[in-house]
Amino acid sequence: MKNSVLVVAAHPDDEVLGCGGTLLRHVAQGDQVHIMILAEGLTSRAPQRDVKGFQAELDALHQNAQRVAKALGAESIGLFNFPDNRMDHVDLLDVVKVIEGAIDEFSPEIVYTHHAGDVNIDHLQTHNAVVTACRSLPGQSVRELYFFETPSSTEWQMQTSDKVFLPTLYVDIAEVFEKKIKTLELYASEMRDYPHARSYKAVEILARFRGYAAGLEFAEAFSVGRIIR
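It should be emphasised that the depicted structure is a prediction, and the values quoted were computed from it without experimental measurement.

(A) Structural context of the sheet that holds strand 5 (residues 144-148). One open sheet accounts for seven strands, arranged 3-2-1-4-5-7-6; its pairing is mixed. Both outer strands of the open sheet, strand 3 (76-82) and strand 6 (169-172), are each paired with one neighbouring strand and no more. Each adjacent strand pair in this sheet contributes to an overall mean axis angle of 25°, direction not counted. Where strand 2 (residues 32-39) and strand 3 come together, five bridges link them in parallel fashion. Bridging across to strand 3, His34 finds its partner in Ser76.

Structure below.
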């Protein structure tokens, strides 16, 4: 049985960093993958939000996101314009409604989004909105809900018991890891030099770390929100 899969990410590049290999595997087995990216990106790099001042860079970043979606084999990508790293100033209901619209349109059985412990406020707002939109109402299509880790956010949170990322699902991405890195190169402007957590080398180290924890060469790890069988 083929599945409809939805990934809800806060920023362009989170979808690849968090679950790019897993999405490639979904596509390889015939599943339909849909991507939502909620925040516009970039504008938090200025003291005040200035969309017009960043318009050229935003256009380029969003074009790269379209290229990434194509490289991953996604059926669709939705790019929204919530304020970058300022989503705590957006009513949660407004975010929920956007996600509910995608759930109504695509009827996903499987949803991936951010972990609740991430230090990035947009990740937290996205997580909370997805959990709300995927609540188990009668007729809800979502049967599986998973939370991914995002380098340069998840590991930067203070690792207290209520914030730590505790994976229980490991996806073998050995066969698609090189393609994940090639896809991530489309977001070169978002990457940094090692030892920054959002560097190609660090991404590889994390994939190897998650891999050997499960007896694999490379893996992506997830905490499980809900599985209904």
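(B) Representation of the side chain of His34 in the model. Following the sequence through the fold, His34 ends up in strand 2. Within the structure, His34 has its side chain in polar contact with the side chain of Ser76 (distance 2.7 Å). In this structure His34 touches Ser4, Val5, Leu6, Val7, Glu75, Ser76 and Phe106, once residues within four positions along its chain are discounted.

(C) Fine view of the pattern of salt bridges. Enumeration according to the criterion identifies seven salt bridges in this entry. Across the salt bridge formed by Glu100 and Arg135, the nearest N and O atoms sit 3.1 Å from each other. With Glu100 in helix 3 (residues 92-106) and Arg135 in the loop between helix 4 (121-133) and strand 5, this pair connects stretches of sequence that are 35 residues apart. The class of Glu100 is buried, set by a relative accessible area of 17%. Sharing partners across several salt bridges, the network here consists of Lys97, Glu100 and Arg135.

Reading the values: the criteria
- Residues numbered from 1 in each chain as written.
- Predicted model: local features only at pLDDT ≥ 70, side-chain atom pairs only at ≥ 80, totals over all residues.
- Heavy atoms only, no water.
- Pairing = 2+ DSSP bridges.
- Helix = DSSP H or I, 4+ residues; strand = E, 2+ residues; numbered from the N terminus.
- Axes fitted to C-alpha atoms, helices over the stretch in contact; angles between N-to-C directions.
- Polar contact = N/O pair within 3.5 Å; in protein donor to acceptor, adjacent residues only side chain to side chain.
- Contact = heavy atoms within 4.5 Å.
- Salt bridge = Lys/Arg side-chain N within 4 Å of Asp/Glu carboxyl O.
- Buried < 20%, exposed > 50% of the residue type's maximum accessible area, 1.4 Å probe, protein only.

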